[in-house]
Amino acid sequence: MGLPRLVCAFLLAACCCCPRVAGVPGEAEQPAPELVEVEVGSTALLKCGLSQSQGNLSHVDWFSVHKEKRTLIFRVRHGQGQSEPGEYEQRLSLQDRGATLALTQVTPQDERIFLCQGKRPRSQEYRIQLRVYKAPEEPNIQVNPLGIPVNSKEPEEVATCVGRNGYPIPQVIWYKNGRPLKEEKNRVHIQSSQTVESSGLYTLQSILKAQLVKEDKDAQFYCELNYRLPSGNHMKESREVTVPVFYPTEKVWLEVEPVGMLKEGDRVEIRCLADGNPPPHFSISKQNPSTREAEEETTNDNGVLVLEPARKEHSGRYECQGLDLDTMISLPSEPQELLVNYVSDVRVSPAAPEKQEGSSLTLTCEAESSQDLEFQWLREETGQVLERGPVLQLHDLKREAGGSYRCVASVPSIPGLNRTQLVKVAIFGPPWMAFKERKVWVKENMVLNLSCEASGHPRPTISWNVNGTASEQDQDPQRVLSTLNVLVTPELLETGVECTASNDLGKNTSVLFLELVNLTTLTPDSNTTTGLSTSTASKPGLAREQGYPHLVGPGLAGATMTTRKLPEPESQGVVIVAVIVCILVLAVLGAVLYFLYKKGKLPCGRSGKQEITLPPSRKSEFIVEVKSDKLPEEMGLLQGSSGDKRAPGDQGEKYIDLRH
């Protein structure tokens, strides 16, 4: 046990006595420089890490080291700084009592090592590594406009991504449908290049090449730029793009719009579709129902067959042919049946029915259609629904039953699909007159326009008992209107005017009595105008009261009398003068009554009554006659304060008699 202890003690003494070998100057490993990170355009603060004693910072030299070459850029003497001539001469300044050197407007070329060296008490130096960063602009992506065929043997260019003015060079990553793409032999290739701008910034261009398949026709591609700033790592994404992918056609089919049941009158479009890109050249054919051969239809510039309006003849079997212009292979579609629903050939029997009063009539409606039909019968004049079904029965016919009836054939399962047919029913009978007699107010020597209307079956004709210019106009097959222009003469005033309607079954007459109208005589039912005036009246009640019930018929308009009178511009002046005179007389009368009342000669409000008497010689002097050609409603201005209305026989005259 003693021998080992002796050996250990010997070795320990030897180690302690061995002299220490000094290191060779310049060969010692220098400490790593301090890292300072800034963005382009900002200010970099370079803090000298020497001892903070006043002596060390009073004498300092600053150097920039580029490609292992030192260049003096700044001197500090006794706390005062001085820039050396060169690229940094205008951008350096001292801060923090001389401990920090500020570098403004940093550029990519400033990325290097800066060194501060102190002279006292002994030479010391401190190294700073300046890192410069600049975020690139938003990436710009451009897709290959020519597209990519799926049968290409090598990867084809899909899109190009460009990121401008970044520092240092950003990293690019390509994505397809949100998944990153990596290099893959004969499948995916990414080719990138960089350009150094005059500012020292980099522009990156990356080209994505790939082999695509048919399923990639809707694939979304975009690129991502990854870069670093003093705040950390960042990234920017481009917009998504889709590249045209070309692939051969495998299937062709037909499409019809609108979808659902079609009817006559619709706008129908038949178009061909295919699953190839680009689509093939299309043609549409229809099978001839007679020859069973396909006949090509004419389409528009877009290859669409438009049927407007659609007709039942357009129904049939259609087929599409797609010709691939690259392979010259023609592919047919599956045949498709097209049905245009219709309602046609609506017929009513009998077509022109004629019946006697009291008889019965049965109308039958028929039609053709591609679907089940419903029928309705309507009265044309009123729109009233008379029957639901193809048969309409009318019993115990009256003259009022004559007129138009409409059959409506419709398809309930297809709204808007219907057709109609009109039939006119004639009831035999002598003419019906619109009125029996009429009084017409006229002026002598005026041109009078008279009208007379009658109906019946067979169609009546109308004649007048005076000479004039007559004309007839058919209102419908059984109704006629006759108009007569005649000059009013004294003989015509005495005889009046008659119009007579006649047919094979009889005749009937209407009488128009002519009465003169003047300024002093106005009737309540008269019209006095200058120029043209028209009065229309239908008086079935009058016909019944006078014992002519057969003269009243449904839908008959009354006779129309049109009078054309010579203008009388002086009549309005006479009316105005009459009204003024009346007002003045009333004012004088009121003044006289008031004067008598004040004198006590008028016992108003006293017991007993007294008459106002005048001398016999003057009883006839205070008769005032007021005449007016105003209408009855205008004469209200001359009524008494009690509001009593004029009697029906009053012809517009007012008399104020002061004789009693």
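Refer to the structure above for everything that follows.
On a predicted model such as this, the values are computed, not experimentally measured, just so you know.

Chemist: Which parts of the structure should I look at to understand the overall build of the chain?
Modeler: Per the secondary structure count, the chain includes 5 helices and 49 strands. Every one of the 660 residues in the chain was classed for burial, and the buried ones make up 36%. Of the contacts made within the chain by residues no fewer than 6 positions apart, 63% connect residues no fewer than 24 positions apart. Carbon and sulfur atoms make up 51% of the accessible area of the chain, which amounts to about 39,400 Å² in all.

Chemist: What is the right way to look at the pattern of salt bridges in this model?
Modeler: All chains considered together, the criterion is met by 27 salt bridges. Residue Asp61 is joined to Arg77 by a salt bridge in which the shortest nitrogen-to-oxygen separation is 3.0 Å. With Asp61 in strand 3 (residues 59–66) and Arg77 in strand 4 (residues 69–77), the pair connects residues that are 16 residues apart, well separated along the chain. A residue is classified by how much of its surface remains accessible, and Arg77, at 27% relative accessible area, is partly exposed. Residues Arg459 and Asp474 are paired through a salt bridge, measuring 2.6 Å at the closest nitrogen-oxygen approach. Taken together, the positions of Arg459 in the loop between strand 40 (447–457) and strand 41 (461–464) and Asp474 in strand 42 (residues 469–476) put the pair 15 residues apart, joining distant regions of the chain.

Chemist: Whenever I open this one, unusual backbone geometry confuses me. Can you help?
Modeler: Most peptide bonds take the trans configuration, and most residues that are not glycine carry a negative phi. Residue Asn277 is joined to Pro278 through a cis peptide bond whose omega torsion reads 0°. Mapping Pro278 onto the fold places it in the loop between strand 22 (268–274) and strand 23 (281–287). Here Glu308 and Pro309 are connected by a cis peptide whose omega angle stands at -5°. Backbone geometry places Asn165, a non-glycine residue, at a positive phi of 55°. One can find Asn165 in strand 12 (residues 156–166). Backbone geometry at Arg292 places phi at a positive 65°, although glycine is not the residue there.

Chemist: Got a minute to help me understand the packing of aromatic side chains in this structure?
Modeler: Here the distance between the centres and the angle between the planes together describe a pair of aromatic rings. What the rule picks out here adds up to 3 aromatic pairs. Judged by centre distance (5.8 Å) and plane angle (80°), the ring pair of Tyr88 and Phe114 falls under edge-to-face. Separated by 26 residues along the polypeptide, Tyr88 in the loop between strand 5 (80–83) and strand 6 (92–95) and Phe114 in strand 8 (residues 113–118) bring together distant segments of the chain. You'll find Tyr88 and Phe114 in the same group, each marked buried. Ring geometry for Tyr167 versus Tyr202: centroids 5.6 Å apart, planes at 15°, classification stacked. Here Tyr167, found in the loop between strand 12 and strand 13 (171–176), pairs with Tyr202, found in strand 16 (residues 202–210); they are 35 residues apart in sequence, far enough to count as distant. In this structure, Arg438 is placed above the aromatic ring of Phe435, and the distance from its NZ or CZ to the ring centre is 4.5 Å.

Chemist: Help me understand the nonpolar core, please; the structure alone is not making it clear to me.
Modeler: In this structure, Trp62, Ile73, Phe74, Leu92, Leu103, Phe114 and Leu130 are the most contacted members of the largest nonpolar core, which totals 25 residues. Apart from the residues lying within four places of it in its own chain, the contact partners of Phe114 are Leu46, Phe63, Ser64, Ile73, Tyr88, Leu103, Tyr126, Arg127, Ile128 and Leu130. By size, the runner-up hydrophobic cluster in this structure holds 24 residues, among which are Ala434, Phe435, Val440 and Leu512.

Chemist: Explain a nonpolar patch on the surface to me, please; I cannot follow it from the model alone.
Modeler: Taken together, the side chains of Ile576, Ile580 and Leu584 present a nonpolar region at the surface, about 300 Å² in accessible area. Mapped onto the elements, Leu584 comes out in helix 5 (residues 569–599). On the accessibility criterion, Leu584 (53% relative accessible area) is exposed.

Chemist: Help me understand the sheet that holds strand 8, please; the structure alone is not making it clear to me.
Modeler: Across a sheet, paired strands are connected by hydrogen bonds in the backbone, their directions being either parallel or antiparallel. The 6 strands are arranged 1-9-8-3-4-5 in an open sheet whose pairing can be described as mixed. Edge positions in the sheet fall to strand 1 (34–39) and strand 5, since each of these pairs with one other strand and no more. Direction aside, the axes of adjacent strands within the sheet are offset by 25° on average.

Chemist: Please clarify how the sheet that holds strand 32 (residues 361–369) should be interpreted in this entry.
Modeler: Strand order in this open sheet of 3 strands is 30-32-35, and the pairing throughout is antiparallel. The open sheet has two edge strands with one neighbour each: strand 30 (343–349) and strand 35 (391–394). Sheet twist, expressed as the average angle between the axes of neighbouring strands with direction ignored, equals 15°. Pairing analysis gives 5 bridges linking strand 30 to strand 32, with the strands arranged antiparallel. Looking at the pairing, Val348 lines up with Cys365 of strand 32.

Chemist: Help me out: how do you make sense of the state of the cysteines in this one?
Modeler: Between two cysteines, a covalent bond joining their sulfur atoms is known as a disulfide. In total, this model carries 5 disulfides according to the counting rule given. Here Cys161 pairs with Cys223 through a disulfide, and the sulfurs are 2.0 Å apart. Here the S-S torsion is close to 65°, and the disulfide linking Cys161 with Cys223 is therefore right-handed. Residue Cys161 is found in strand 12, and its partner Cys223 is found in strand 17 (residues 221–229); the two are separated by 62 residues along the sequence. For Cys161, a relative accessible area of 2% puts it in the buried group.

Rules used throughout
Residues numbered from 1 in each chain as written. Predicted model: local features only at pLDDT ≥ 70, side-chain atom pairs only at ≥ 80, totals over all residues. Heavy atoms only, no water. Helix = DSSP H or I, 4+ residues; strand = E, 2+ residues; numbered from the N terminus. Buried < 20%, exposed > 50% of the residue type's maximum accessible area, 1.4 Å probe, protein only. Contact = heavy atoms within 4.5 Å. Areas by Shrake-Rupley, 256 points an atom, 1.4 Å probe, with all protein chains shown as cover. Salt bridge = Lys/Arg side-chain N within 4 Å of Asp/Glu carboxyl O. Phe/Tyr/Trp six-rings, centres within 6.5 Å; stacked < 30°, edge-to-face > 60°. Lys NZ or Arg CZ within 6 Å of the ring centre and 35° of its normal. Core = buried A, V, L, I, M, F, W, Y, C linked by side-chain atoms within 4.5 Å. Patch = residues over 30% accessible without salt bridge, like charges linked within 9 Å, V, L, I, M, F, W, Y side chains within 5 Å. Pairing = 2+ DSSP bridges. Axes fitted to C-alpha atoms, helices over the stretch in contact; angles between N-to-C directions. Disulfide = S-S within 2.5 Å.

Distances and angles like these do not, on their own, reveal function.
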